[in-house]
Structures are given as structure tokens and as C-alpha cells.
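# Analysis of the macromolecular model
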Amino acid sequence: MILKRMKAHRQQDAHGWCQALTLPAMVALIVMAPVVHAQLNRTARGRNIVFPEYYEKAVLSRQQTNQLKGRLTLLEGEYLPNGLILGKTMQLDQYTPDGHTNLVARAPECLFNPTNRAAWSTGRLEIVAMDGRFIMSGNEGFEASLTNTTLTLSNRVRTVFKQSVMKPLSPLP
Amino acid sequence: MIFRVPHLPIVLASLLANGVFAATPVPAPVAAMTNTFITCSNGSTWSPTNAIFRGGVRVFDAQLYLECEHLDIYYPSNNNPNAAAAGRTDAPSVGNITAIVAQTNLLMMLNGATIIGDRALYWPTNDMIQVMGEIVVIETEKAYFYGTNFTFNRRSMQMDSEGPSTLESKPGVGLLEGTNAPSGAPKPPRTRNPGPTTPGKTSP
């Protein structure tokens, strides 16, 4: 009799432990499900991935809405598990509020963080701006911020202005 | 065996016409260099309003050679939404430079002048160059200028100096000589020892 009672007690204990463990596990599964799902999605690959950036309403006049400020295009992109995107053949276009292309930047590959809208690489970047009159290139890394509209090139940078920075000397009238 | 060419002049003429014996091509006339090359060693930043060049900056231009450690080039951003929205045509066109600022270890070589200083500013709108520094040295063909703040107007070719400045003529150069000297200006004294005279002829 005593042995039977001890066995029954042990079985009840085991049941209790199981119940105690199952509830948090289920909650954890429910909570983690979207994360797991998202991580599965982030390993996806794609082509012609476009990240647009729009002007803030304060900058625009009343009539304009959703004016495009910049657009980052990746010919090929791969979502990495850490949330970044590894892109190949990146092109960054920036536009003035009146719709003219202000700048075109090209890079053979880059990493892009969709959270802070920044792209960077240790490789080459070439910038063409001012209607093709301003060409800047660097081979040793860059960082581009879509939000702040800045491009920073590392180390040795070569720039060509297709115009003289100084006015030509003209004879006095 | 002898090959006969019946109409040698005609064959030669046709070969010339086809460009076989074409004369040496005349090189195209060399156009004046209008591009500006800027190189730097510590990176560069581009933004819609300015471009920044850092570390060992060198500027090669047809009218200018410049070395400095930090160079800023400002241009109109064209981001004025009111002007753009209203379709105004007086908005600054993209490509015009509004100002150039060169700083630290400045060396500037212009047409006829070499300048050493700490900071230089150039405004293309009024064609003015301002050079500042602890000591600014300007070397021209005839003289050295020492000072702390020089402003040069490229349109009128006039230079102003603010603060203490010194003018030192180069050896053997009279600063008041030349066409710009006023008529009553004193001439520099003649040297007592005239230059070497030609030796007299010697009889053989």
C-alpha cells in the first residue's frame, strides 16, 4: 500500500512539472512565432529592390504630397539574418523638390540597413552630380545616408569638376 | 618574270584617295583645360549644399594650384521648395559654386602669385579672394608681402591688407619702376659700382 501511494505521488509530481513547463513554452512559442517567421522571410532574395525616400511635409509646399527625395535601387538583394540587405549593383538617385535629378551614385555592391536608411561598403562608389559636371569617385569605402542626403567616401577620393572653380580673368571694361 | 603595271599613276591616285598613303593626321588643336581635379587622402563628404574634402587636398585647375588639409566647396542646393514650386527661373542653377574655403597648411599658386597662409576664401560671385593666417606670405614677381589678412579683387586686380603688413622688394627690383609708377616718384639710387664693362679689344 505504501509503495502504491508513493508511486501515485510521484506521478502527480511529474504531471505538475509537465504542466508548469508546458504553459511558458506555449507562451514563448506564441510570442516568438512572428520573429521566427520574420527571420525566415529575411533570408529571401530579390531583384530590383527599391527603397524610396520622401521629402518631409514641412519642406514641401501645400500642393505637393509624397515628393520623392531619393531612391536606392539594388539590382540584386539578399536579406541577411541580422536585418541588413546585401545588395549588388546599387544605384542611388537624389531629386530636388522640383523633380530634377540632383545626384546619381553607383556602387557595385553594398550593405543596406532599412531601419536607419543607410548604405555602406568597403568598395567603390562613383557620384555624378550637377548635371554631369561633378564626378567624384572613391575605391576604399563609402557611407550613404538617405535620410540626411549625405555621401561620405573614405580615404583617397578623386573629384573632377567639368568647369573651372575660378572665373576666367576678363579684361576690365 | 616582270609584272607590268599599266596605269601606275591611276593606281597611286586611287590608293591615295583610299587613304593608304594618307598624310600624317593633323592633331586637333589642344583646348584649354577647363576641368578642375581635386584629390584628397582622408575622404570626402557630399551633401546637397556642399562638398568637403579632407586630408592632403590638392586642386589642379587651369588658373590655380592649391594645397590644403581641408577644403569646402559650397554650391546652391536648389532645395528651395518655394522657388521650385513656383517655377521661378531666378533660382540658382545647379553647378554654380558660391564659395570655396581652404584651411590649414594652405599653399595657393595663382597666375603670378604664390600664397602661403592658414585659411583662404574665394567667392566666385564677386571674384574676391581672402587669405588669412598667423602669417600670410604672398610672393609675386617683384616682392614679398607679409601680413595676416589680405583681400584680393581679381576683377580690379586690387589687393587690400588689414592689420600689420610688410612689403619687401626682391633684390634688384625697384618697386616704383614700371609704367604704373607716378611721374614724380623718386627713382631708386644708382649703384656706385657699375656692372662689368666689355673688355677692350686686344691686339693679336
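Anyway, here's the lowdown on the structure attached to this text. (Residues numbered from 1 in each chain as written. Chains lettered and ligands numbered in written order. Predicted model: local features only at pLDDT ≥ 70, side-chain atom pairs only at ≥ 80, totals over all residues. Heavy atoms only, no water.)

This brings us to the overall build of chain B. In terms of regular secondary structure, chain B is built from 2 helices and 9 strands. Reading the helices (α) and strands (β) of chain B from amino to carboxyl end gives α-β-β-β-β-α-β-β-β-β-β. Across the 204 residues in chain B, those meeting the buried criterion constitute 29%. Considering only residue pairs separated by 6 or more positions, chain B has 36% of its internal contacts joining residues 24 or more positions apart. Carbon and sulfur atoms make up 58% of the accessible area of chain B, which totals about 13400 Å². (Helix = DSSP H or I, 4+ residues; strand = E, 2+ residues; numbered from the N terminus. Buried < 20%, exposed > 50% of the residue type's maximum accessible area, 1.4 Å probe, protein only. Contact = heavy atoms within 4.5 Å. Areas by Shrake-Rupley, 256 points an atom, 1.4 Å probe, with all protein chains shown as cover.)

Residue and element names in this part refer to chain B. Non-glycine residue Thr104 carries a positive phi angle of around 70°. Looking at Thr104, the relative accessible area reads 39%, which means it is partly exposed. The residue Asp127 is not glycine, and still its phi comes out positive at about 60°. Relative to the helices and strands, Asp127 is located in the loop between β6 (113-123) and β7 (128-139). Asp127 sits in the buried class, given a relative accessible area of 4%.

Looking now at the interface of chain A and chain B. Chain A puts 38 residues into the contact, and the matching count from chain B is 43 residues. Both faces combined, the contact of chain A with chain B buries some 3400 Å², and carbon together with sulfur accounts for 60% of it. The interface formed by chain A and chain B holds 0 salt bridges in total. Where chain A packs against chain B, one counts 11 residue pairs in polar contact (both at pLDDT 80 or more). Secondary structure elements with two or more residues in the side of chain A that touches chain B: β4 (101-113), β6 (125-129), β7 (134-138), β9 (150-153) and β10 (157-161) of chain A. If one sorts the elements of the side of chain A that touches chain B by residue count, β10 of chain A sits on top with 5 residues. Here the side of chain A that touches chain B is built from residues that sort into 19 nonpolar, 12 polar and 7 charged. (Buried area = accessible area lost by both parts, 1.4 Å probe. Salt bridge = Lys/Arg side-chain N within 4 Å of Asp/Glu carboxyl O. Polar contact = N/O pair within 3.5 Å; in protein donor to acceptor, adjacent residues only side chain to side chain. Nonpolar A, V, L, I, M, F, W, Y, C, P; charged D, E, K, R; others polar.)

Bringing the side chain of Lys69 of chain A into the picture now. Residue and element names in this part refer to chain A. With respect to the helices and strands, the residue Lys69 is situated in strand β2 (residues 68-79). For Lys69, which is buried and forms no salt bridge, the nearest opposite charge comes from Glu53, at a distance of 5.0 Å. Among the polar contacts made by the side chain of Lys69, one reaches the main-chain carbonyl oxygen of Thr147 at a distance of 2.8 Å. Contact partners of Lys69, with chain neighbours within four places excluded, come to Glu53, Tyr54, Tyr55, Asp93, Gln94, Tyr95, Leu146, Thr147 and Thr149. (Lys, Arg positive; Asp, Glu negative; His and termini not counted.)

All names here are of chain B. Assignment of secondary structure puts Gln130 in strand β7. When its relative accessible area of 17% is taken as the criterion, Gln130 is described as buried. Counting along the chain gives 21 residues from Gln130 to Thr151, while the straight-line C-alpha distance between them is 4.3 Å. Not counting chain neighbours up to four residues away, the residues in contact with Gln130 comprise Arg119, Ala120, Leu121, Trp123, Asn149, Phe150 and Thr151.

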